[in-house]
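# Structure at a glance
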Amino acid sequence: MSSRREGLILQEPPGERSPAQPAPEVPAVEVRGASKKFGSTVAVDDVSITLGRGEFLTLVGPSGCGKSTLLRMIAGLMEPDAGEILLAGKSVSSPGRWVPPEDRAVGLVFQENTLFPHLSVSGNIGFGLSRRSKSQTAKRVAEVLELVELPAHAGRYPHELSGGERQRVALARALAPEPTVLLLDEPFANLDPNLRAQVRAHTVEILRKAGASALFVTHDQQEAMSVGDRVAVMGRGRVEQIGPPKTVFHLPHSHFVASSLGEAYFLPATYSGNGSLHTEAGPCDCPHDVSGTEMEIMVRPHDVTFVEDDAGGSVVTAVEFLGAFLLYEVQLPSGRRLRCLMPHTVEVGPGAKVRVQLDHGHVPVVLPVPQP
Ligand code: ATP
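Residues numbered from 1 in each chain as written. Predicted model: local features only at pLDDT ≥ 70, side-chain atom pairs only at ≥ 80, totals over all residues. Heavy atoms only, no water.

### A word on the nonpolar core
One recurring pattern in soluble globular proteins: nonpolar side chains tend to sit buried together. The condition is simple: What makes a nonpolar core is a set of buried Ala, Val, Leu, Ile, Met, Phe, Trp, Tyr and Cys residues whose side-chain atoms join them at distances within 4.5 Å. Each residue is placed in one exposure class: buried if its accessible area under a 1.4 Å probe, protein chains only, is under 20% of its type's maximum, exposed if it is over 50%, and partly exposed if it falls in between. Think of it this way: any DSSP run of H or I at least four residues long counts as a helix, any run of E at least two long counts as a strand, and we number them from the N terminus. Residue contacts are counted whenever heavy atoms from the two residues lie within 4.5 Å of one another.
The biggest cluster of nonpolar side chains holds 33 residues, and the ones touching the most others in it are Ile125, Leu171, Leu175, Leu182, Leu184, Leu207 and Phe216. When residues of this core are traced back to their parent elements, those giving at least two are helix 3 (121–126), helix 4 (134–147), helix 5 (163–175), strand 8 (181–185), helix 6 (193–210) and strand 9 (214–218). Here this core gets 6 residues from one element, more than from any other, and that element is helix 5. Setting aside its immediate chain neighbours within four residues, Leu171 contacts Val109, Leu182, Leu184, Thr203, Ile206 and Leu207. Among the nonpolar cores identified, the runner-up in size contains 30 residues, and Leu70, Val92, Val181 and Leu215 belong to it.

Set out below in structure tokens:
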């Protein structure tokens, strides 16, 4: 934990120096063409994004794609090589202009425990409010403790809290100075899987109640989609696609985006007229005339079903028991393999002969065949 980070989390209340909360129409964050290189590594490459007020945006993508670097540039922990960053409509970073992190009115929450072990819960939350009077600090600490539902824990020390409670205190501390934006870098990564979903839901509830604008970095696809009003999929330093989770999940612009948000397979398809595409896993709808194009359709495990059929041409090669569902691997006549998510009521073993069917429930996304 660097002292620079602490300084950022524990900043003075921004309202005392400059108004932290912008007018409703002014975005909380605007990044215009930001780039950052480390030697020959391009970490962030000409990225432009906007975060609206009260909006939650998640940045998701493989390790090393530049998510944390982008977040750190917004926080002021790193200086971009190019581009401009505005917070609440004010430029904080551009060629020739640099506002230090402690003057940016941002709150940070990291995965690691950044609470001071020698301070109580109240002491931790109030630490960054030193420019307020004693009574104002006490009032604000009580408010955020109420918000995170921990008023009874005010006098405890970090080692007397559960992992989830520590995370809520970290959130309270970041929210206490009423920041323009909250930047959360893998905030749930250190929690065990059982606790993780619960703490995540609670965090979202707290942030919504506080009316916060928040940018989350995560490499967890489910988390990105469940938390974000919009999801930005990053790859090799660039934003590959940004939009509501449903759109990015069902209508990815590329194979990369499709695979970044979950298991995806790509089946060669030919247009057979009458609003239909032919694939070796059966037909599917296609309202556009795409004849003459070399294309593939995206298929996710929940888009595929099968029925037992000795003449079906496909064979079950593996079964994974997931409790309520079974995940089947099926080999198609060409040798290509797909996975199908089936209810627990469908039970067949490896070697079963089946006929695969596509059941997207919506128009499938058609992508050009990638060129080698
Ligand atoms: P992860 O999900 O693994 O945390 P990320 O998407 O957050 O990854 P970044 O931490 O932003 O990725 O790193 C982007 C690229 O920049 C990587 O190739 C990384 O090795 C490199 N990088 C990041 N920080 C530095 C640094 N301080 N010095 C040199 N290279 C760096």
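### A few points about the side chain of Lys67
Test applied: When charges are counted, Lys and Arg contribute as positive and Asp and Glu as negative, whereas His and the chain ends are disregarded. Here, a salt bridge means any Lys or Arg side-chain nitrogen found within 4 Å of an Asp or Glu carboxyl oxygen.
Looking at the element boundaries, Lys67 is found in helix 2 (residues 67–75). For Lys67, which is buried and forms no salt bridge, the nearest opposite charge comes from Glu186, at a distance of 5.3 Å. Beyond its immediate stretch of four places on either side in the chain, Lys67 contacts Leu59, Val60, Gly61, Pro62, Val217, Thr218, His219 and Met234.

### Observations concerning the domain arrangement of the protein chain
Size of an interface: often given as the accessible area lost when the parts come together. The line we're drawing: As annotated, the domain borders come from an automatic or database domain assignment. Once two parts are brought into contact, the accessible area they lose, counted with a 1.4 Å probe and summed over both, makes up the buried area. Polar contacts here mean pairs of N or O atoms no more than 3.5 Å apart (in protein, one a potential hydrogen donor and the other a potential acceptor; neighbouring residues in sequence count only if both atoms are side-chain atoms).
Splitting the protein chain by domain gives domain 1 (29–259) and domain 2 (263–368). Between the C-alpha centres of domain 1 and domain 2 there is a distance of 38 Å. Contacts between the two partners involve 9 residues from domain 1, matched on the other side by 10 residues from domain 2. With both chains or domains summed, domain 1 and domain 2 bury close to 850 Å², and 61% of this area falls on carbon and sulfur atoms. Of all residues in domain 1, Phe249, His250 and His255 bury the most surface against domain 2, accounting for 55% of the area lost on that side. Counting across the interface, domain 1 meets domain 2 through 0 salt bridges. Along the contact surface separating domain 1 from domain 2 lie 3 residue pairs in polar contact (both at pLDDT 80 or more). Broken down by element, the residue count for the side of domain 1 that touches domain 2 peaks at 3 residues, all from helix 9 (residues 255–260).

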